[in-house]
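So you can see what is in the structure, the chains are spelled out below.
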Amino acid sequence: MSKLAITGGTLVTPEGSFAGDVLVEGEHILALVAPGSWQELGFVPTEVLDAAGKLVIPGGVDVHTHMEMPSAGGIFSSDSFETGSKAALWGGTTTIVDFATQTPGHSLKEALREWEGRACGNSVVDYGFHMIVSDVSDASLAEIPEMIERGVTSFKLFMAYPGRLYSDDGAILRAMQVIAANGALAQVHAENGIAIDVLVAQAVAKGEVDPWAHVATRPSILEGEATHRAIVLAQVAGAKVYIVHISALEALDEVTKARDEGLEVYGETCPQYLFLSEDALGWARASGAASSEGSTDPFEGAKYVCSPPLRSQEHQEKLWEGIRRGDLSTVATDHCPYCFKGAKELGRGDFRKIPNGLPGVENRMDLLHEGVVQKRISLERWVQVACTAPAKLFGLYPRKGTLAPGSDADIVIYDPEKRHVLSASSHHMAVDYSVYEGMEVTGEVDTVIARGEVVLRNQELVAKPGRGEYLPRLLPAPI
Ligand code: URP
Ligand code: ZN
Ligand code: ZN
């Protein structure tokens, strides 16, 4: 059995940071001990990993990914479980929770089987699944208890995308009632899709077909309105609700208000909403204001098309505040990459055909650490929103998301001083562009240990494909 001693580093947990050594036996953390004391304790490691000058943190837990996700146009997001999970490891994430997606007319069981088939034998990180319920029917709702028994304990409902993933308020209420009765977590994509479709049709009728129209037709107040409605429906159903990928200050305000009233409402945001703005889609240029983006081809903005859309700087500031205050509980990526060539390009001349989604699974830990460097959040909050809180909310704690005896030895040795530039030329995601192209960040993953195995060392990934295991998840724990 392998025995690792990770020595000389600063251990970071949500409760505090301190000098210490981590002892690992087999797949688990055996103990956290005072620096150097493992020798006196008689621990004989098979390998010593020197973490002097580095941070030692739990492996990242990204609870929002879409590997091989089918888009409206029928093409699949470009990362497979193998390529996407390798990129995750490069970026310090050792656990992902991906979205199995029910096809209308088909069962939840079929969706789970399909996604298990994609991940099993391919993922290098441990993985779990949420279930997107896109066809709320008596039959699908009756499957929820079995899903929970099989470790799928969170269910996403869409207020956006009418005709595809959308559920109306009645369907959402019915689903939330069943989710609540079984102690599971309801997740909501909160944008008013019916109103958005009216704005989209009007824009197209006026000949507004470039990517910036995607922003113009999805105003932030329609995210705020839908978030309010999702919270009210959850309240009526008695359900715990988790609002995914919050981009708008209006949506955050609704979450904050609900939490102040003592409701079990949680909010997630994503790095793209913290670091990128609508300017990237040419919105500023289209609206006559000065633009900071460099490209002259308005269609380059397609690279940044995701839903909800990127917003203005004002929203970014409020989201950082929400993370600091605790009203945003997690930061996940919504990693859903589509190549520019052959995929995003399908929407040239009609922004409705641009597949929605951005790459990011590799960049999350670094970008949030950049938030630490910029003094927006503390080191401890970094670990909390990126590792511990997602593990708790999604039933993986204390196996994942923490440095504690008995927990899985998923550990990242992180160099907080190393500067590097984010670029498609060096990233490992299977996508031909980076939304952060040229951005310099301070901090880089040095070594990654996953269930006791060193899987990334000296800038080399040594993980065997398929080493990742399925994680049956427990019901959500309050945070
Ligand atoms: O644009 C996005 N976010 N695509 C992924 C699907 C979703 O709604 O999360
Ligand atoms: Zn969504
Ligand atoms: Zn998503």
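Residues numbered from 1 in each chain as written. Chains lettered and ligands numbered in written order. Predicted model: local features only at pLDDT ≥ 70, side-chain atom pairs only at ≥ 80, totals over all residues. Heavy atoms only, no water.

K.L.:
Describe the nonpolar core, naming the residues involved and giving the relevant values.
P.N.:
A general feature of soluble globular proteins is that nonpolar side chains tend to end up buried together. Among the nonpolar cores identified, the biggest contains 110 residues, and Met-131, Phe-155, Met-176 and Trp-382 are the most heavily contacted of them. Here this core gets seven residues from one element, more than from any other, and that element is helix α9 (residues 220-237). Residues in contact with Met-131, not counting those within four places in the same chain, are Ala-100, Gln-102, Leu-108, Ala-111, Leu-112, Met-147, Val-152, Ser-154, Phe-155 and Lys-156. Val-22, Val-56, Ile-411 and Val-454 belong to the second largest nonpolar core, which has 15 residues in total. (Core = buried A, V, L, I, M, F, W, Y, C linked by side-chain atoms within 4.5 Å. Buried < 20%, exposed > 50% of the residue type's maximum accessible area, 1.4 Å probe, protein only. Helix = DSSP H or I, 4+ residues; strand = E, 2+ residues; numbered from the N terminus. Contact = heavy atoms within 4.5 Å.)

K.L.:
Tell me about the coordination of the zinc ion (ligand 3), and name the residues and values.
P.N.:
Taken together, the protein ligands of the zinc ion (ligand 3) are His-64 (NE2), His-66 (NE2) and Asp-334 (OD), with distances of 2.0 to 2.1 Å. Classification of the site at the zinc ion (ligand 3) rests on its four donor atoms, whose angles at the metal span 88 to 132 degrees, yielding the label tetrahedral. Taken as a pair, the zinc ion (ligand 3) and the zinc ion (ligand 2) lie 4.0 Å from each other. Here His-66, found in the loop between β6 (60-65) and α2 (81-90), pairs with Asp-334, found in the loop between β13 (330-331) and α14 (364-373); they are 268 residues apart in sequence, far enough to count as distant. Residue His-66 shares its accessibility class with Asp-334, and that shared class is buried. (Donors = N, O, S within 2.8 Å, 3.2 Å for Na, K, Ca; no water. Tetrahedral: all angles 85-135°; square planar, octahedral: opposite > 155°, others 65-115°.)

K.L.:
Let's hear about α14: which residues, and what values?
P.N.:
An α-helix turns once every 3.6 residues. As a result, residues three or four positions apart point the same way. Of all the 10 residues making up α14, nine are buried; the element is thus mostly covered by neighbouring parts of the structure. Burial in α14 covers these residues: Arg-364, Met-365, Asp-366, Leu-367, Leu-368, His-369, Glu-370, Gly-371 and Val-372. Immediately downstream of α14, the backbone of Lys-375 shows phi near 65 degrees, a positive value.

K.L.:
Kindly report on the site of ligand 1, identifying the contributing residues and their values.
P.N.:
Neighbouring ligand 1 are 13 residues, the closest being His-66, Lys-156, His-189, Ser-307 and Asp-334. Take His-66: an N or O atom from its side chain is 3.2 Å from an oxygen atom of ligand 1. One nitrogen or oxygen atom from the main chain of Asn-356 is found 3.3 Å from a nitrogen atom belonging to ligand 1. Here ligand 1 loses 98% of its free accessible area of 270 Å² to cover by the protein chains. A class-by-class count of the residues in the shell around ligand 1 yields four nonpolar, seven polar and two charged. (Near = heavy atom within 4 Å. Polar contact = N/O pair within 3.5 Å; in protein donor to acceptor, adjacent residues only side chain to side chain. Areas by Shrake-Rupley, 256 points an atom, 1.4 Å probe, with all protein chains shown as cover. Nonpolar A, V, L, I, M, F, W, Y, C, P; charged D, E, K, R; others polar.)

K.L.:
So what's going on with the coordination of the zinc ion (ligand 2)? Which residues, and what values?
P.N.:
Binding of the zinc ion (ligand 2) to the protein goes through Lys-156 (NZ), His-189 (ND1) and His-245 (NE2), at separations of 2.1 to 2.2 Å. For the zinc ion (ligand 2), all donor residues lie on one chain, and their spacing in sequence is K-x32-H-x55-H.

K.L.:
With reference to specific residues and values, describe the sheet that holds strand β11 (residues 240-243).
P.N.:
In spatial order, the strands read β6-β7-β8-β9-β10-β11-β12-β13; together these eight strands make up an open sheet with parallel pairing. Strand pairing shows two members of the sheet lacking a second neighbour, β6 and β13, which therefore form its edges. Of the pairings in the sheet, the one linking strand β10 (residues 185-189) to β11 comprises four bridges and is parallel in character. Across the sheet, Ala-186 pairs through a bridge with Val-241, a residue of β11. With respect to the sheet, helix α6 (residues 169-181) is in contact with β9 (154-158), β10 and β11, its orientation differing from that of β9 by roughly 175 degrees. Contacting β6, β10, β11, β12 (265-269) and β13, helix α15 (residues 379-393) runs over the sheet at an angle of about 65 degrees to β6. (Pairing = 2+ DSSP bridges. Axes fitted to C-alpha atoms, helices over the stretch in contact; angles between N-to-C directions.)

K.L.:
Residues and numbers for the side chain of Gln-316, please.
P.N.:
Tracing the sequence through the fold places Gln-316 in helix α13 (residues 313-325). Not counting the four nearest positions on each side in its chain, Gln-316 is found in contact with Tyr-273, Leu-274, Phe-275, Leu-276 and Ser-277.

K.L.:
Provide a residue-level description of the packing of aromatic side chains, including the pertinent values.
P.N.:
Overall, the coordinates contain 10 aromatic pairs when judged by the stated rule. When the centroid spacing of 6.1 Å and the interplanar angle of 50 degrees are considered together, the rings of Tyr-127 and Tyr-470 count as tilted. A residue pair is termed long-range when its members are at least 10 positions apart, and Tyr-127 in strand β8 (residues 126-132) and Tyr-470 in the segment after β17 (460-461) qualify at 343 residues. Exposure remark for Tyr-127: the relative accessible area of 3% places this residue in the buried category. Judged by relative accessible area, Tyr-470 falls into the partly exposed class, the value being 23%. Pairing Tyr-242 with Phe-394 gives two aromatic rings, centres 4.8 Å apart and planes at 85 degrees, and the pair type is edge-to-face. Highlighted residues: Tyr-242 in strand β11 and Phe-394 in the loop between α15 and β14 (411-422), separated in sequence by 152 residues. (Phe/Tyr/Trp six-rings, centres within 6.5 Å; stacked < 30°, edge-to-face > 60°.)

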